[in-house]
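# Structural characterization, general
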Amino acid sequence: MLENKRKVPTVLALVVLLFGISGGILFAEFSLDFFTGGKVSQSPINIRVSNTTDSLTSVSWSTETPTAGYIKYGLEGEKINNVTYDDQVAGSKVDKFVLHHVTMRGLAPKSKYRFVVMVEGNEHDNDGKPYEFETFASAKVSQLGPATGEVKLANGDLGSGSIVYSQLPGATLLSTLVKPDGSWVQPLNIAYDIESGLPVSDAQTKNLNLYVLAPDGQDAQALTDTDHDFPVPAI
């Protein structure tokens, strides 16, 4: 069950079942430096870049009320005129959400991009400058299997539209949307080691930080490892 809060909790009131050594999740009071709290507003906040590889990246954000949003982006030095819409809708359809998750695909390897967040037709940037990210060089992906699971809210409802963030030690932030049936799948083989710029090695077991954010503000934080993340039965 997810606790109804507006910031990352330090004490979890969430039951998360994971297959592990003890048969359950190991909760930890640790700080994830890529998560920020704060009151949600109609302007986009908690803007996070995730899933960056040699050919794609995702951007997520939240607003206080359901809003229509999308991403405009372009290569550094070029116009920001490419458009990508929310992963929760098909094609170029625009719908209103509190949590937004947009994935830009077909990007060039080892290239710098700039982007702005569009909310209700208004452009939002980083204090007068576009946000930036850089794709990685092309490389052979690792053989790490996906993390999977299910999200349920405190009242027992399925956590459809929630976002599951995950991160391996020293690696890039990953994210995925929870499907209408409450399930989620996060490929871990798209994680890159930040220092080396190469896909994360699959040679040994690794800790996996998990953070779930629901559209109504409920959230949870937990810790497992790559030997016990398939599946994650209930968050």
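Thresholds, definitions, all that
- Residues numbered from 1 in each chain as written.
- Predicted model: local features only at pLDDT ≥ 70, side-chain atom pairs only at ≥ 80, totals over all residues.
- Heavy atoms only, no water.
- Helix = DSSP H or I, 4+ residues; strand = E, 2+ residues; numbered from the N terminus.
- Contact = heavy atoms within 4.5 Å.
- Areas by Shrake-Rupley, 256 points an atom, 1.4 Å probe, with all protein chains shown as cover.
- Buried < 20%, exposed > 50% of the residue type's maximum accessible area, 1.4 Å probe, protein only.
- Pairing = 2+ DSSP bridges.
- Phe/Tyr/Trp six-rings, centres within 6.5 Å; stacked < 30°, edge-to-face > 60°.
- Lys NZ or Arg CZ within 6 Å of the ring centre and 35° of its normal.
- Salt bridge = Lys/Arg side-chain N within 4 Å of Asp/Glu carboxyl O.
- Lys, Arg positive; Asp, Glu negative; His and termini not counted.
- Polar contact = N/O pair within 3.5 Å; in protein donor to acceptor, adjacent residues only side chain to side chain.
- Core = buried A, V, L, I, M, F, W, Y, C linked by side-chain atoms within 4.5 Å.
- pLDDT = per-residue confidence, 0-100.

## Considerations on the overall build of the chain
- Counting secondary structure elements, the chain contains zero helices and 14 strands.
- Listing every helix and strand of the chain by position from the N terminus yields β-β-β-β-β-β-β-β-β-β-β-β-β-β.
- Contacts in the chain between residues at least 24 apart in sequence constitute 61% of all its contacts with a sequence separation of at least 6.
- Carbon and sulfur atoms form 50% of the exposed surface of the chain, whose accessible area is close to 11200 Å².

## Thoughts on the pairing of strand β5 (residues 96-104)
- β5 sits mainly inside the fold: eight of its nine residues count as buried.
- As judged from the eight bridges shared by strand β3 (residues 57-75) and β5, these two strands associate in the antiparallel manner. Within β5, the position partnered with A68 by the bridge is K96.

## Digging into the packing of aromatic side chains
- Tallied over the entire structure, the rule returns seven aromatic pairs.
- Where Y70 meets Y85, the ring centres are 5.4 Å apart and the plane angle is 45°; that geometry is what we call tilted. Separated by 15 residues along the polypeptide, Y70 in strand β3 and Y85 in strand β4 (residues 82-85) bring together distant segments of the chain.
- You can call Y85 partly exposed: its relative accessible area is 23%.
- Positioned above the aromatic ring of Y165, the side-chain terminus of R48 is 4.8 Å from the ring centre.

## Digging into the pattern of salt bridges
- Tallied over the entire structure, the rule returns two salt bridges.
- Of the charged contacts, one joins K96 and E120 as a salt bridge, the two residues approaching to 3.7 Å between their closest N and O atoms. Here K96 is found in strand β5, whereas its partner E120 is found in the loop between β6 (112-119) and β7 (122-124), with 24 residues between them in sequence.
- On the basis of relative accessibility, which here comes to 48%, the residue K96 falls in the partly exposed class.

## Some thoughts on the side chain of D225
- Structurally, D225 can be placed in strand β14 (residues 218-225).
- Among buried Asp, Glu, Lys and Arg side chains, D225 stands out as unpaired, with K206 the closest opposite charge at 11 Å.
- At a separation of 2.8 Å, a polar atom in the side chain of D225 contacts the main-chain amide nitrogen of D227.
- Polar side-chain contacts of D225 include one of 2.8 Å to the side chain of H228.

## Here's the deal with the nonpolar core
- Counting 16 residues, the largest nonpolar core has V164, L168 and W184 as its most contacted members.
- Ranked by the residues each element gives to this core, the list is headed by strand β13 (residues 207-213), at three residues.
- Core analysis: the second largest hydrophobic core is formed by 13 residues, W61, V102, L107 and V119 among them.

## Concerning the pairing of strand β2 (residues 45-50)
- Here β2 runs beside β3; their pairing, made up of four bridges, is antiparallel. Paired with I45 across the strands is S62, a residue of β3.
- What sits between β2 and β3 in their antiparallel hairpin is a turn of six residues, with N51 showing a positive phi close to 60°.

## A look at the environment of D181
- Mapped onto the secondary structure, D181 falls in the loop between β11 (174-177) and β12 (183-186).
- Here the alpha-carbon distance between D181 and V151, two residues 30 residues apart in the chain, equals 9.1 Å.
- Here D181 is in contact with E150 and L158, once residues within four sequence places are set aside.

## A few points about the confidence of the model for the chain
- Averaged over all residues, the pLDDT of the chain is 83; the fraction at 70 or higher stands at 81%.
- This stretch, residues 3-40, has a pLDDT under 50; its non-local contacts, to residues over four places away or in other chains, come to 96 contacts.

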